[in-house]
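Structure at a glance
In case you want the letters, here they are:
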Amino acid sequence: MTSRTRRVTLLLFAADIVLTLGALYLADTLRHELPFGLGDGEHLAWISWRHYVAVAVIWAFLLYVFNVYEPRRMFTVVDEIRMLVPAISVAFVLLFTYFFLAKVEYLSRLLFAYFYVINLLLLVNLRWVLRLAMRSSFGVGLARRLVIAGAGPVGRQVAGLLQNRPWTGYSIVGFLDDNVELIGKKVDGIPVLGKCDELAEMIEHRHVAEVIVALPSRSYERIREIVMVCQSLPVRIRVVPDLFNIVSVRARAEDLWGIPLIGIREPVIAGFDSLVKRTFDVVLGTITAVILAPVMLLCALALAVSDGGPVLFRQQRVGENGRLFWIYKFRTMRARGKGKPEEDAEAYKRADDPRITTVGRFLRRTSLDELPQLWNVLRGEMSLVGPRPELPWVVERYEPWQRQRLSVPPGMTGWWQIQGRGDRPLKENVEYDLFYIQNYSPLLDITILWKTIWVVVTGKGAY
């Protein structure tokens, strides 16, 4: 199924680039042929092949950055339009910049208008036509007929995933289940055709090509019986491991020389995405540290002069995969004992905490106290964007679903910070972090950083 999805994605990507180049050619032709597009006809230059190459590169890069081909976002045409419009808009900005730097003359704004409209219409209609084809009787006729053994939570989840992804090339014939109360009824719109004992008959009479066994793990013997029945039948069979209580967003199936393995704690951001994110952190983190070095020096001097305590506050936090590291911040609370700052104050912040110093309150209000964490970013312990690193004792109290937030590097800012920062309850913050993990893209990182600037300027939720 993954290979089918990958093939459809690659074909869609190639079609998008071809249609984009076709839209550019058509826009250039219309500019020369239509009366109101001629202008000074003697100076209208045709687009050269170099410009076509530039368009192909820019569009390929932006469509990737905007995660246009992310399978989770390819549910409906509306979802894809929401991704295509900003991607194409930014691509046009880059294209206009390229034409300006290349000193391309006599390229009117009318050309860009034609190109934008035609390009968007072609890409949107391509997706609409593909969906019509996949959901039509012709598409269903070409799809592989599938039966799911098990109409419980696992089977329903598998069916829902396949129904929302018609490009996988499957048509669900129905469920089989040993619960006699379900037989003859519909579960999530899919009929329950009979008991699992009737699988062989179902395969023969309904021309089933594939079987997915989605029974709970406690039904091991039943699963084994179904697999043995299918061994002698001309079908492909797959078994869904009932591990949803322990599998996180990082699960991945592998093959160890014939032995199936399920990776429970695989990196969410891996491969090229990981390289892009790390490069982004190092480059932007270094630039930010150099630009704000005078500001950090002034903050340090203000803290040293105010009460003579330590300038930096160091605290152990939990990072990616539960690794512990020391986070650095400018001290914002009164020193206690022998110049030792309050180190237990980060658990639950209070807007009226009496331990916060005058300088510290200003640093918190402006988020300047977070700047030393750029060192953590450059060391690879944190990222510019990600879930906030939590205290070890807080992580020990996590429910299993909350631990999924440890699947990516922690960040200086994140999705929940731009939604309300300290005003949000802890549980809601974790849900925001999980949204970020499940929807990560370089564009989302850029969006969060951009919105963080406004949040910092307004000081909303900072205390």
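Please refer to the structure placed before this passage.
Computed from a prediction, not measured in an experiment: that's the story for all the values here. (Residues numbered from 1 in each chain as written. Predicted model: local features only at pLDDT ≥ 70, side-chain atom pairs only at ≥ 80, totals over all residues. Heavy atoms only, no water.)

1. Quick look at the sheet that holds strand S5 (residues 210-213)
Read from one edge to the other, the open sheet built from 6 strands follows the order S3-S4-S2-S1-S5-S6, with strand pairing classed as mixed. The open sheet is flanked by strand S3 (186-187) and strand S6 (236-239), the only strands paired with a single partner. Contacts from helix H7 (residues 153-163) reach strand S1 (144-149), strand S2 (170-176), S3, strand S4 (190-194) and S5 within the one sheet, and its direction differs from that of S2 by about 160°. The sheet strands contacting helix H9 (residues 220-231) are S1, S5 and S6, and the helix crosses S6 at an angle near 165°. (Pairing = 2+ DSSP bridges. Helix = DSSP H or I, 4+ residues; strand = E, 2+ residues; numbered from the N terminus. Contact = heavy atoms within 4.5 Å. Axes fitted to C-alpha atoms, helices over the stretch in contact; angles between N-to-C directions.)

2. Considerations on the packing of aromatic side chains
Inspection of every chain in the model, using the stated rule, returns 8 aromatic pairs. Summarising the aromatic geometry, the rings of phenylalanine 92 and phenylalanine 112 are spaced 6.4 Å apart at their centres and angled 65° between planes, so their arrangement reads as edge-to-face. Of this pair, phenylalanine 92 sits in helix H4 (residues 77-101) while phenylalanine 112 sits in helix H5 (residues 109-135), placing them 20 residues apart in sequence. Each member of the pair phenylalanine 92 and phenylalanine 112 is classed as buried. (Phe/Tyr/Trp six-rings, centres within 6.5 Å; stacked < 30°, edge-to-face > 60°. Buried < 20%, exposed > 50% of the residue type's maximum accessible area, 1.4 Å probe, protein only.)

3. What about the pattern of salt bridges?
Taken as a whole, this structure holds 16 salt bridges when the rule is applied. We note a salt bridge from arginine 156 to aspartate 188, for which the minimum N-O separation is 3.9 Å. With arginine 156 in helix H7 and aspartate 188 in the loop between S3 and S4, the pair connects residues that are 32 residues apart, well separated along the chain. Given a relative accessible area of 53%, aspartate 188 falls into the exposed group. In this structure, glutamate 320 engages arginine 323 in a salt bridge whose closest nitrogen and oxygen atoms are separated by 3.7 Å. Look at glutamate 320 and you get buried, because its relative accessible area is 18%. One connected set of salt bridges, linked through shared partners, spans Asp178, Asp197, Arg222 and Glu225. (Salt bridge = Lys/Arg side-chain N within 4 Å of Asp/Glu carboxyl O.)

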